[in-house]
Every structure is written in C-alpha cells, then in structure tokens.
Amino acid sequence: MEWTGDYWASEWDETEFVDPIGPEFGDERAIKGGAWNERAPRLRTGGRLSGLPRLITPFIGFRLARSVIE
C-alpha cells in the first residue's frame, strides 16, 4: 500500500474513475493499493483506505515516480 497526497473522502465524484481527488483539507490521508499481507480481494491497485499521517506500519510506504521526459 502507498500513501497519497490526497486527503481521505469516504465518497468521491464517481465521474472521476481515474485517480479521484479527495477534499482540499482533512485529517486522514488516502492510502491506495494492496500489500503483501492482504487477501486477494484487497490487492487491487484502486483499493483505497484511510489513515492518519502519523500511522507507522510495515505495510504502508511510498512509491517513487518520475514524469517521462521526451
């Protein structure tokens, strides 16, 4: 699972099927994806959970990404 920069929203605009964006402010952050310790139904890349930013667990991390330069 990975932390995102989005604040958590239990519901979002269903027209945003690709990378829905949460509210502008909030306490909890969205956590996306699955982890090695999850059961098959929870392994979708689009799976979303929430957590306080101070949550520390070996199952949540981050992903390094870079824009493609052409």
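For the structure itself, consult the block above.
Residues numbered from 1 in each chain as written. Predicted model: local features only at pLDDT ≥ 70, side-chain atom pairs only at ≥ 80, totals over all residues. Heavy atoms only, no water.

Participant: Describe the overall build of the protein, and please don't skip the residues or the numbers.
Facilitator: Counting its regular elements, the protein contains zero helices and three strands. In the protein, the succession of helices and strands from N to C terminus is β-β-β. For the protein, buried positions account for 23% of its 70 residues. Roughly 5,900 Å² of accessible area belongs to the protein as shown, and the carbon and sulfur atoms make up 55% of that amount. (Helix = DSSP H or I, 4+ residues; strand = E, 2+ residues; numbered from the N terminus. Buried < 20%, exposed > 50% of the residue type's maximum accessible area, 1.4 Å probe, protein only. Areas by Shrake-Rupley, 256 points an atom, 1.4 Å probe, with all protein chains shown as cover.)

Participant: Go over the sheet that holds strand E2 (residues 29-32), please, and point to the residues and values.
Facilitator: In space, the three strands of this open sheet follow the order E1-E2-E3, with antiparallel pairing throughout. Edge positions in the sheet fall to strand E1 (2-7) and strand E3 (48-51), since each has one partner strand and no second. Averaged over all adjacent pairs, the angle separating strand axes in this sheet is 40°, with direction ignored. Strand direction decides the pairing type here: E2 and E3, joined by four bridges, are antiparallel. Opposite Arg29, over in E3, you have Gly51 as the bridge partner. (Pairing = 2+ DSSP bridges. Axes fitted to C-alpha atoms, helices over the stretch in contact; angles between N-to-C directions.)

Participant: Could you give an account of the packing of aromatic side chains, with specific residues and numbers?
Facilitator: Following the criterion strictly, the structure yields one aromatic pair and no others. It is Arg29 that lies over the ring of Tyr7; its NZ or CZ is 4.0 Å from the centre. (Phe/Tyr/Trp six-rings, centres within 6.5 Å; stacked < 30°, edge-to-face > 60°. Lys NZ or Arg CZ within 6 Å of the ring centre and 35° of its normal.)

Participant: Explain the pairing of E2 to me, and be specific about the residues and the numbers.
Facilitator: Of the pairings in the sheet, the one linking E1 to E2 comprises three bridges and is antiparallel in character. Bridge assignment links Trp3 to a residue of E2, and that residue is Ile31.

Participant: Please provide a residue-by-residue account of the environment of Arg54, values included.
Facilitator: Its location among the elements puts Arg54 in the segment after E3. Arg54 gets classed as exposed once you look at its relative accessible area, which sits at 65%. Arg54 sits 26 residues away from Glu28 along the chain, and the two C-alpha atoms are 9.5 Å apart.

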